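Observations on chain architecture
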Amino acid sequence: MRTHHCGQLRPADIDSKVSVCGWVGSRRDHGGVIFIDLRDHTGLLQVVCEPEHLPDFAAADRLRGEHVVRFCGLLRRRPEGMQNPRQPTGEVEVLAERIELLNAAQTPAFFPGDSEVSEDTRLRNRIIDLRSPAMQQRLRLRHDMARAVREALANQGCIEIETPMLTRPTPEGARDFLVPARFAPGSCYALPQSPQLFKQMLIAGGCDRYYQIARCFRDEDLRADRQPEFTQIDIEMAFVDEDEVMAVGETVFRSAWQAAGLTVPDSIPHLSYAQAMRDYGCDTPDLRNPLILIDIRELVAGCGFKVFAEAAKLPDARIVALNIPAGGSKTSRRQIDELTELARSLGAAGLAYIKVENTGQGTQGVTSPIAKFLGDDLINSILDKCGCAAGDLLLFGAGRARIVNAVMAAVRNQAAKVGGLVSDGFCPAWIVDFPLFAADPDTGRLDCVHHPFTAPVADEEKQLLDGEKPETLRSRAYDLVVNGQEIGGGSIRIHNKDIQLAALSAIGIDEKAASEKFGFLLACLSQGAPPHGGIAFGFDRMAALAAGSDSIRDVIAFPKTQSGACML
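A brief structural summary. (Residues numbered from 1 in each chain as written. Predicted model: local features only at pLDDT ≥ 70, side-chain atom pairs only at ≥ 80, totals over all residues. Heavy atoms only, no water.)

**Brief notes about the packing of aromatic side chains**
The full count for this structure, using the stated rule, is nine aromatic pairs. Summarising the aromatic geometry, the rings of Phe253 and Trp257 are spaced 4.7 Å apart at their centres and angled 50 degrees between planes, so their arrangement reads as tilted. One end of the pair, Phe253, and the other, Trp257, are both in helix H6 (residues 242-259), four residues apart, so they sit about a helical turn from each other. By the burial criterion, Phe253 is buried, and Trp257 matches it. (Phe/Tyr/Trp six-rings, centres within 6.5 Å; stacked < 30°, edge-to-face > 60°. Helix = DSSP H or I, 4+ residues; strand = E, 2+ residues; numbered from the N terminus. Buried < 20%, exposed > 50% of the residue type's maximum accessible area, 1.4 Å probe, protein only.)

**Remarks on the packing of helix H5 (residues 196-204) against helix H17 (residues 511-525)**
Where H5 contacts H17, the two axes come as close as 10 Å, and the packing angle between them is 20 degrees. Taken together, the axes of H5 and H17 are roughly parallel relative to one another. Crossing of H5 against H17: the hand is left-handed. Contact residues: Leu197, Gln200, Met201 and Ala204 in H5; Phe518, Phe520, Leu521 and Cys524 in H17. (Axes fitted to C-alpha atoms, helices over the stretch in contact; angles between N-to-C directions. Parallel < 35°, antiparallel > 145°, perpendicular 65-115°, else oblique. Left-handed = near helix turned anticlockwise from the far one by under 90°. Contact = heavy atoms within 4.5 Å.)

**Section: unusual backbone geometry**
In most cases, non-glycine residues show a negative phi, while peptide bonds are predominantly trans. In this structure, Asp15 is a non-glycine residue whose phi angle is positive, near 80 degrees. One can find Asp15 in the segment before strand S1 (17-29). Given a relative accessible area of 61%, Asp15 falls into the exposed group. Located in the positive-phi region is Ala326, a residue other than glycine, with phi close to 60 degrees. In this fold, Ala326 is placed in the loop between strand S13 (317-324) and helix H10 (327-330).

**Thoughts on the state of the cysteines**
This model, assessed by the stated rule, comprises zero disulfides. Of the cysteine sulfurs around Cys72, a residue in no disulfide, the closest is that of Cys21, at 7.6 Å. By relative accessible area, Cys72 is classed as buried at 15%. For Cys386, which is in no disulfide, the shortest distance to another cysteine sulfur is to Cys388 and amounts to 5.1 Å. Residue classification places Cys386 among the buried positions, given a relative accessible area of 6%. (Disulfide = S-S within 2.5 Å.)

**Here we look at the environment of Ser563**
In this structure, Ser563 sits in the segment after helix H18 (539-547). Here Thr561 takes part through its side chain, which lies 2.9 Å from a polar atom of the side chain of Ser563. (Polar contact = N/O pair within 3.5 Å; in protein donor to acceptor, adjacent residues only side chain to side chain.)

See below:
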């Protein structure tokens, strides 16, 4: 039906007879000569319909937006002064000699590429939205990234193996979606939250290096970066340590980014979990943001400001300052109020601040509602520790460490955006040395920071087996974070049955329950499972980040809304 795609034709093709197909993007009648912008997935091509060259000229006159049409004709150079240098096909046009209406279209709710369209309207009319250049580009970008990932993993000796969609429920952090089994009334399958257990069993089965671009299903509260069904790049390897898995993970990341036309720094830094929490308040720091949290608890303990003094008495207290260079002169009172509201929305009572006018002058050199409670010497000490200069702005967080970290991590990110401090590009980092377990702040019950199959560091295995202070154990886990988003995470797995039982016991699953829930895995571990580890990448999030989109819905052909509904 066609000799060329619309966006392929160039001056080298002039004087060729061509046949092109696509959708009518626009139609312009210039006094008896009709110009059609014909569109397909490769771009736009101008078609000129002149009565003397097109016998069925009336058919061109009847064309409307989104009609599907085929044109045959001669490719020629556009007249001087009518060329469009901003368009790849802007030097050429097709002089139509034949027209064939392949399908008429109703007037759509919007036209592909319209910018002033709500997301609900886009999703209800996804067929039209998919035709837009932006969506076409995102889906093809996703395809290119997936192809590059497959090639990179094949080069690393990994083989692609599919795992079941219909399985049994396993506790992996979220609720399962269930599928009733008609042939077994009262029974059901669960859709897998991830292939975690299957890939561990594949390694125990001698497959050595596995990967899968897998569909996963989790019944959890939805946000812009969550979908009930999503895609992971899952990788598992035998006889490896952390460094080997992270090296393969970097290869996957670099290959995907290069396929998207992006660059990655030559080396990716490693930050410990403790360092990330200390400096950034979270384990997913955006390293494009230069701001760092500074601990001032020892300085202000016992001071005259009641908020600091009371917070310092808490057993898990944290009191920090955030220095925003030139923020005192550039941040308006309204912007400080907005940052304060952000802090309150995350559990803080407020957000204390100091505007620095001069250093070394105590209360006389600052503007702050809390200055009178601190005194000259303490203010000078705080400014000195925070490296303040005239014009800076200090923001403070005080209270329980968990709340302070969450609040100040968000304030840090928002303050940097307001101040224009976030640099361009991509800043990846590996976060390592995670705790193995974390206590629920309300119940005190231990839960896994990653999942119950993560191995403790080697010299702490005995401590886990003995059940001694499991909350202090460290894990062999690692996350890859890019621009404040976790795009991948993994660990070295437990390959010993006794250690696996001890890990399950620490989170309240006794041996009987472990046998009922994970008997197949425990049997696998007792049959000669090798040391192994792996990593999983959130492919939707990777694609959205590479495409410059804030939502993974923009890189999924048919996504669900935040209520879990399909608008189609």
